[in-house]
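Notes for the structure review
Given next are the chains, with one letter for each unit.
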Amino acid sequence: MILILAPNTRTDSDEFRRLEAFLTQMPNVRHRVHQESGEQQLLTEIYLIGDTASLSLEQVAALPAVERVVRISEEYRVLGRHRDDQRSTSFEYNGVRFGQDTLQVFAGLCAVNTREDVELMMQALQAHGQVCTRMGAYKPRTNPYSFQGHGKSCLPYVFELAGTYGIKVIAMEITHEAHVDEIREALEHTGNPTGVMLQIGTRNTQNFELLKHIGRQREFPVLLKRGFGITLEESLNAAEYLASEGNRKVVFGLRGMKTNMGDPHRNFVDFAHVPVIKRLTRMPVCIDPSHSVGTRERAPDGLLDLMHVTAQGIIAGANMVLVDFHPHPSRALVDGPQALTLDELPFFLEDVRIAREAYQKRVALAGQNISKL
Ligand code: PEP
Ligand code: MN
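Residues numbered from 1 in each chain as written. Chains lettered and ligands numbered in written order. Predicted model: local features only at pLDDT ≥ 70, side-chain atom pairs only at ≥ 80, totals over all residues. Heavy atoms only, no water.

So, the overall build of the chain
Counting secondary structure elements, the chain contains 11 helices and 14 strands. The C-alpha atoms of the chain give a radius of gyration of 22 Å, which matches the 21 Å a tight globule of 373 residues would have. Each principal axis of the C-alpha atoms in the chain carries an extent, and together these give about 65 × 55 × 35 Å. Within the span of the chain, comprising 373 residues, buried residues form 52% of the whole. For the chain, contacts bridging at least 24 residues in sequence account for 70% of all contacts bridging at least 6. For the chain, the exposed area adds up to about 16900 Å²; of that, 50% sits on carbon and sulfur atoms. Positive and negative side-chain charges in the chain, numbering 41 and 45 respectively, have mean positions lying 3 Å apart. (Helix = DSSP H or I, 4+ residues; strand = E, 2+ residues; numbered from the N terminus. Rg over C-alpha atoms; globule rule 2.2 N^0.38 Å. Buried < 20%, exposed > 50% of the residue type's maximum accessible area, 1.4 Å probe, protein only. Contact = heavy atoms within 4.5 Å. Areas by Shrake-Rupley, 256 points an atom, 1.4 Å probe, with all protein chains shown as cover. Lys, Arg positive; Asp, Glu negative; His and termini not counted. Charge placed at Lys NZ, Arg CZ, Asp CG, Glu CD.)

Set out below in structure tokens:
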């Protein structure tokens, strides 16, 4: 059960104290307070865990400071959508809004190779009105002898250049909790010129200790990639680990599943799950066409498979696109063969715009038809 308190209820207020006193004396029920301070108001939710079946909604709704009560199902308690659940499906970070109704493109380098290429990438993004990017510094590689990323040594110039070119959010994979401190320190040293969305890669989706650590910090939002060989339910539970520790600024990323059924693509594209995740949870959904498709094969109609699947994800309502670009794919140190080039950026963005417009028209059409039924 979730108790949603009246906005701006302070934990040192009289009402809150009376409410807590009541909750504390309830047998076999534990409670956990979660506060989120937005620009306008302070929101407080209290999660009741344990033997809540005997409590009536009316009884709980009448408690001091309580505005609304939501009875939640067992699954995805924090991030899930529950009956009569009107909690928000969006969050804001560094001036950019991420929600189930927005769309952000994160085009950028799978792995940072040189300062020059980072700059060329960011210059192109700014020229095309983009404020987000992807930049890999810590790369989890299948082969121990492959390039593992420049790590913290590249962070200062990546962040400085982001500031120069107006980039507000960089998606950056981390593979160890120490990387978060390295990112925070580099941001501070460079004067916080940009923001970072921490990415948990598919190889770490069920690294529960890492998830708990990242969930306990609330400074950086998190992009959690679906595990490539586990069920959707298992991956959604992994996202819930982040939220259960306190960080609800979580975007869920689809990046294809490992199975030979996906051949000739690198992975089996799973973007049909975009609307499913929006139905089950309140998370914005990201698609990663690059790691799903993994090639630059072109269909006879002239469109790359990569662009086809991007459009398929967007027309199904995706909220974020993570996509590999490189100014010189031949000198990329990771995943060059799947990278799009800077010349292709305006073409890609226009294709994204068309797919988004089609999605919005479909939603409007659904609205007209549902009201008639
Ligand atoms: C990536 O985005 O660079 C990456 C390694 O993705 P994934 O974890 O989905 O393989
Ligand atoms: Mn990659």
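From this point, things continue past the structure.
Some points on helix H5 (residues 178–189)
The terminal C-alpha atoms of H5 lie 17 Å apart, and with 12 residues this matches the ideal 16 Å at 1.5 Å per residue to within 8%. Within the span of H5, buried status applies to His179, Val180, Ile183, Ala186 and Leu187. Take H5 and look down its axis: the buried residues cluster within an arc of 130°, on one side only. Next to the buried residues of H5 lie helix H4 (155–164), strand E9 (169–173), strand E10 (195–200) and helix H6 (208–216). Immediately downstream of H5, the backbone of Gly191 shows phi near 80°, a positive value. (Expected span 1.5 Å × (residues − 1). Arc of directions from axis to C-beta.)

Comments concerning the state of the cysteines
Inspection of the entire model under this criterion finds 0 disulfides. Cysteine Cys286 is unpaired, with the sulfur of Cys132 as its nearest cysteine sulfur at 11 Å. (Disulfide = S-S within 2.5 Å.)

Some thoughts on the packing of aromatic side chains
Evaluation of the coordinates by the stated rule reveals 4 aromatic pairs. One aromatic cluster is present, built from ring pairs that chain together Phe91, Phe98 and Phe106. Stacked on the ring of Phe228, the Lys or Arg Lys258 has its end atom at 4.8 Å from the ring centre. (Phe/Tyr/Trp six-rings, centres within 6.5 Å; stacked < 30°, edge-to-face > 60°. Lys NZ or Arg CZ within 6 Å of the ring centre and 35° of its normal.)

A word on the coordination of the manganese ion (ligand 2)
Coordination sphere of the manganese ion (ligand 2), protein contribution only: Cys110 (SG), His291 (NE2) and Asp335 (OD), at 1.9 to 2.3 Å. Written as a sequence motif, the donor arrangement for the manganese ion (ligand 2) is C-x180-H-x43-D. With a gap of 44 residues between them, His291 in helix H9 (residues 289–293) and Asp335 in the loop between strand E14 (320–324) and helix H11 (345–372) connect regions that are remote in the sequence. Across the pair, exposure class does not vary: His291 and Asp335 are buried alike. (Donors = N, O, S within 2.8 Å, 3.2 Å for Na, K, Ca; no water.)

A few points about the sheet that holds strand E4 (residues 66–70)
Ordered in space as E2-E3-E1-E4, the 4 strands form an open sheet in which the pairing is antiparallel. In this open sheet, the two edge strands, each paired with only one partner strand, are strand E2 (29–37) and E4. Within this sheet the neighbouring strands show an average axis-to-axis angle of 20°, counted without direction. Where helix H1 (residues 14–24) meets the sheet, its contacts fall on strand E1 (2–5), E2, strand E3 (42–50) and E4, and the angle it forms with E2 comes to roughly 150°. (Pairing = 2+ DSSP bridges. Axes fitted to C-alpha atoms, helices over the stretch in contact; angles between N-to-C directions.)

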